[in-house]
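Below, each chain spelled out in residue letters.
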Amino acid sequence: MAIQVTRTYVATIRNQQQVQSGLDSLGFAASKLWNIARWTCDRIWSETGTIPEDGPLKAYLKNHERYADLNSQSSQRVIEELAEAFHGWYAKRRNGDDRANPPKYRKSGDDHPRSTVTFKEDGFKHDPKNNRIRLSKGRNLKEHWSDFILCEIETRPDVTIGNVRQVKAVWNGDEWELHIVCKHEIEAESPGDETAGIDLGISNFAAVSYSTSDHELYPGNALKTDERYFAKEIAKCNSSRSNKALKLRQKRSERRSHYLHAVAKHIVTECVERGVGTIAVGNLEGIREDDETGEPRNWGDRGNEGLHGWALDRFTNLLTYKAKTEGIAVVVVSERDTSKTCSCCGQKRDANRVERGLYVCRNCGTVMNADSNGAENIRCRLDQAEKVTLNPRSSGDRSSGRVARPVVNLFRRGEHDPSCGQGTFAEQASSCKS
């Protein structure tokens, strides 16, 4: 089966010295336009009580002087990014995160930072024979009508750049680089008819139940360690807006991304080996709400902090993308009551979850890891969204099986360098409470 996938490749710019001033001017222009759009949103908010969507905001700013500093599509993308940032803020507030702040102005003291500039189809031209990409300038920044920035690029030897759909100029803190988005058509056949269920959580970032009776856990300790480490390092900075603090935040974000990619990749690899053709992921909408009152649920200071730090939507998107390339479908199903329901006999009882990580069914006597039990219930909801469908593999006494002692995949970074972002998974035996 042929499917289309989108992949992003990072390319270094060989003629960095020749093009840096031109890219700087575009990066500064993108920051200025962001700030103008942000100020406009503030003004509209004070007058109407609403934040405009990106469409009306584009139409309003189209004739602004700074709009023509960039290619029109690049200017549109800046405004779209601002709208997306506002939507992200709305979502966090709706989910009970009172600490979430709206998108800020892009300033470093009195200076504008180098913002990422996105070039769509009309803003670039790819020359594959000479490994060059031509980037358009806005009308205001052109010295003459045919003025542009010509970047000589270099990628990994195993990367072939073709069918380019988008180019992003990104300042990595030391120099500019190009992120090149390409669309490829690949052949992907489903690995098999087996299924898997994934329960996303706080202590265990992911619990996976396979129809082959295997169960695995992915603890979130690496993310928690990062949060503590970077919080301490940022606190040592003279200012939260200093270059050192900004670099630390960027590093923390990169490490989060690496962790999410690593977990998604590891799960997909395990699914391929087990012949899994469909993955069910729990829908976490309403997880912050109390089942009875509908009010934001209080998970405690540490629980709320961990909950608000999740990037679960992003993880699900990463998992869906990586699974698609292997011919695996990802389905989002209801997660309601999966933590209360016994995956063996179907009894629903709050008291069955006797303590963190331990599930003991008072009806059938099964002892299970609580997160593995939830993942098994999610897997069983592939066919029926609201009613648990018992799988024949789930019957019988499972207290001594993998659901009671799932495999724990620990993510280990560099032992002697906490700032090292790379890491590997190592299996570890577990108890019911893991």
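Residues numbered from 1 in each chain as written. Predicted model: local features only at pLDDT ≥ 70, side-chain atom pairs only at ≥ 80, totals over all residues. Heavy atoms only, no water.

Visitor: Help me understand the layout of surface pockets, please; the structure alone is not making it clear to me.
Guide: The probe, sized like a water molecule, is rolled over the atoms to show the empty space still left. What the second largest pocket holds in volume is close to 390 Å³. Along its surface, the second largest pocket is lined by 15 residues, and His261, Lys265, Tyr321, Lys322 and Thr325 are the ones closest to its centre. A total of 7 residues in the lining of the second largest pocket trace back to one element, the largest contributor, which is helix α5 (residues 243–273). Taken together, the residues of the lining of the second largest pocket sort by class into 5 nonpolar, 6 polar and 4 charged. Split by domain, the residues of the lining of the second largest pocket number at least three in each of domain 1 (2–187) and domain 2 (194–427). (1 Å grid on protein atoms, 1.4 Å probe; cavity = no way out; pocket = protein on both sides within 12 Å on 5 of 7 lines; lining within 4 Å. Points joined across faces, edges and corners; volume = space filled by probe spheres on them. Helix = DSSP H or I, 4+ residues; strand = E, 2+ residues; numbered from the N terminus. Nonpolar A, V, L, I, M, F, W, Y, C, P; charged D, E, K, R; others polar. Domains from an automatic or database assignment.)

Visitor: Would you take a moment to explain the pairing of strand β8 (residues 194–200) for this structure?
Guide: Both faces of the sheet carry side chains from a regular strand, because those side chains alternate between them. Of all the 7 residues making up β8, 6 are buried; the element is thus mostly covered by neighbouring parts of the structure. As paired strands, β8 and strand β11 (residues 276–283) are joined by 5 bridges and run parallel to one another. Bridged to Gly197 within β11 is Ala280. Where β8 lies against strand β9 (residues 204–210), 5 bridges are found, and the strand directions are antiparallel. Bridge assignment links Ile198 to a residue of β9, and that residue is Val208. Connecting the antiparallel pair β8 and β9 is a turn made up of 3 residues. (Buried < 20%, exposed > 50% of the residue type's maximum accessible area, 1.4 Å probe, protein only. Pairing = 2+ DSSP bridges.)

Visitor: What should I look at first to understand unusual backbone geometry in this one?
Guide: Of note, the phi angle at Asn163 is positive, near 50°, even though the residue is not glycine. By the secondary structure assignment, Asn163 is in the loop between β5 (148–154) and β6 (164–171). Despite not being glycine, Ser213 shows a phi value in the positive range, around 80°.

Visitor: Can you help me understand α5 in this one?
Guide: Each turn of an α-helix holds 3.6 residues, which means side chains three or four residues apart point in the same direction. Between the first and last C-alpha of α5 there are 45 Å, a value that for 31 residues agrees with the 45 Å anticipated at 1.5 Å per step. Downstream of α5 by one or two residues, Gly275 has phi in the positive range, about 70°. (Expected span 1.5 Å × (residues − 1).)

Visitor: Would you mind showing me how to read the packing of aromatic side chains here?
Guide: Two numbers describe a pair of aromatic rings. These are the distance of the centres and the angle of the planes. In this structure the tally under the stated criterion is 7 aromatic pairs. Seen from their ring centres, Phe86 and Tyr90 are 6.4 Å apart, and the 35° between their planes marks the pair as tilted. Separated by 4 residues within a single helix, Phe86 and Tyr90 lie in helix α3 (residues 72–94), roughly one turn from each other. For Phe86, a relative accessible area of 4% corresponds to the buried category. Centroid distance Phe205 to Phe315: 5.2 Å. Interplanar angle 90°. Geometry classified as edge-to-face. Linking Phe205 in strand β9 with Phe315 in helix α7 (residues 312–324), this pair joins segments that are 110 residues apart in sequence. Taken individually, Phe205 and Phe315 each receive the classification buried, so the pair is uniform in this respect. (Phe/Tyr/Trp six-rings, centres within 6.5 Å; stacked < 30°, edge-to-face > 60°.)

Visitor: Looking at this structure, I do not really get the packing of helix α1 (residues 16–48) against α3. What am I missing?
Guide: Relative orientation of the contacting elements α1 and α3 amounts to 50°, with a least axis distance of 9 Å. In terms of their interaxial angle, α1 and α3 are classed as oblique. Seen from above, α1 lies across α3 with right-handed handedness. Where α1 abuts α3, its residues Ala30, Leu33, Trp34, Ala37, Arg38 and Cys41 lie against Ser75, Val78, Glu81, Leu82, Ala85 and Phe86. (Axes fitted to C-alpha atoms, helices over the stretch in contact; angles between N-to-C directions. Parallel < 35°, antiparallel > 145°, perpendicular 65-115°, else oblique. Left-handed = near helix turned anticlockwise from the far one by under 90°. Contact = heavy atoms within 4.5 Å.)

Visitor: What's the story with the sheet that holds β6 in this structure? I'm lost.
Guide: Neighbouring strands of a sheet are bound in pairs by backbone hydrogen bonds; such pairs are parallel or else antiparallel. Read across the sheet, 7 strands follow the order β2-β6-β7-β1-β5-β4-β3 without closing on themselves; strand pairing throughout is antiparallel. In this open sheet, the two strands that pair with only one neighbour each are β2 (117–119) and β3 (124–127). Shown here is a sheet whose adjacent strand axes are inclined to one another by a mean of 30°, direction ignored. Relative to strand β4 (residues 132–136), β3 runs antiparallel, the two sharing 4 bridges. Along β4, the bridge assignment pairs Asp127 with Arg132.

Visitor: Which parts of the structure should I look at to understand the confidence of the model for the protein?
Guide: Fine structural detail should not be taken from predicted coordinates in areas where pLDDT scores are low. For the protein, per-residue confidence averages 82 on the pLDDT scale, and residues scoring 70 or more make up 81% of the total. Contacts from residues 288–309, a stretch scored under 50 in pLDDT, to residues over four places away or in other chains number 30 contacts. Considering only residues more than four positions removed or in separate chains, one finds that residues 415–419, a stretch of pLDDT under 50, has 5 contacts. (pLDDT = per-residue confidence, 0-100.)

Visitor: Looking at this structure, how should I read the pattern of salt bridges?
Guide: Charged atoms that come close allow side chains of opposite charge to pair. The tally for this structure, following the rule as stated, stands at 23 salt bridges. Measuring nitrogen to oxygen at the nearest pair gives 3.5 Å for the salt bridge that ties Asp127 to Arg132. Its relative accessible area of 23% is what places Asp127 among the partly exposed residues. With a shortest N-O distance of 3.0 Å, Arg156 and Asp158 are connected by a salt bridge. Looking at Arg156, the relative accessible area reads 52%, which means it is exposed. Counted as one network, the salt bridges with shared partners bring together Asp54, Lys58, Arg77, Glu80, Glu81, Glu84 and Lys120. (Salt bridge = Lys/Arg side-chain N within 4 Å of Asp/Glu carboxyl O.)

Visitor: Please explain the environment of Glu189 as it appears in this structure.
Guide: Considering the arrangement of structural elements, one finds Glu189 in the loop between β7 (176–187) and β8. Glu189 gets classed as exposed once you look at its relative accessible area, which sits at 58%. Taking C-alpha positions, Glu189 is 9.6 Å from Ile3, a pair spaced 186 residues apart along the chain.

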